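Secondary and tertiary structure notes
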Amino acid sequence: MTTAYAGRVRAPEFPTGQDWINTDRPLRMADLTGRLVILDFWTFC
């Protein structure tokens, strides 16, 4: 059974003041529009 998708769900903006690896500036959602994004969440525990 298939159902039509009724709308879009917008992703929240990234928190300000975060450190990013392999970028020269903070990321914004607008910078990623139209791109496939894979996020890998990890921490030092």
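It should be emphasised that the depicted structure is a prediction, and the values quoted were computed from it without experimental measurement. (Residues numbered from 1 in each chain as written. Predicted model: local features only at pLDDT ≥ 70, side-chain atom pairs only at ≥ 80, totals over all residues. Heavy atoms only, no water.)

Overview of the overall build of the protein
Helix and strand counts for the protein come out as zero helices and zero strands. Total accessible area on the protein stands at roughly 5,200 Å², and carbon and sulfur atoms take up 56% of it. (Helix = DSSP H or I, 4+ residues; strand = E, 2+ residues; numbered from the N terminus. Areas by Shrake-Rupley, 256 points an atom, 1.4 Å probe, with all protein chains shown as cover.)

Observations concerning the pattern of salt bridges
Under the criterion given, the structure shown has two salt bridges. Note that Asp31 and Arg25 form a salt bridge whose closest N and O atoms lie 3.1 Å from each other. One salt bridge connects Arg28 with Asp31, and the closest N-O pair in it is separated by 3.0 Å. Accessibility expressed as a relative area gives 45% for Arg28, which makes it partly exposed. (Salt bridge = Lys/Arg side-chain N within 4 Å of Asp/Glu carboxyl O. Buried < 20%, exposed > 50% of the residue type's maximum accessible area, 1.4 Å probe, protein only.)

Considering unusual backbone geometry
Residue Asn22 is not a glycine yet carries a positive backbone phi of 65 degrees. Overall, the relative accessible area of 78% leaves Asn22 in the exposed class.

Some thoughts on a nonpolar patch on the surface
On the surface, Ile21, Trp42 and Phe44 cluster together into a nonpolar patch covering about 450 Å² of accessible area. Residue classification places Trp42 among the exposed residues on the basis of a relative accessible area of 52%. (Patch = residues over 30% accessible without salt bridge, like charges linked within 9 Å, V, L, I, M, F, W, Y side chains within 5 Å.)

Geometric values such as these leave the question of function open.
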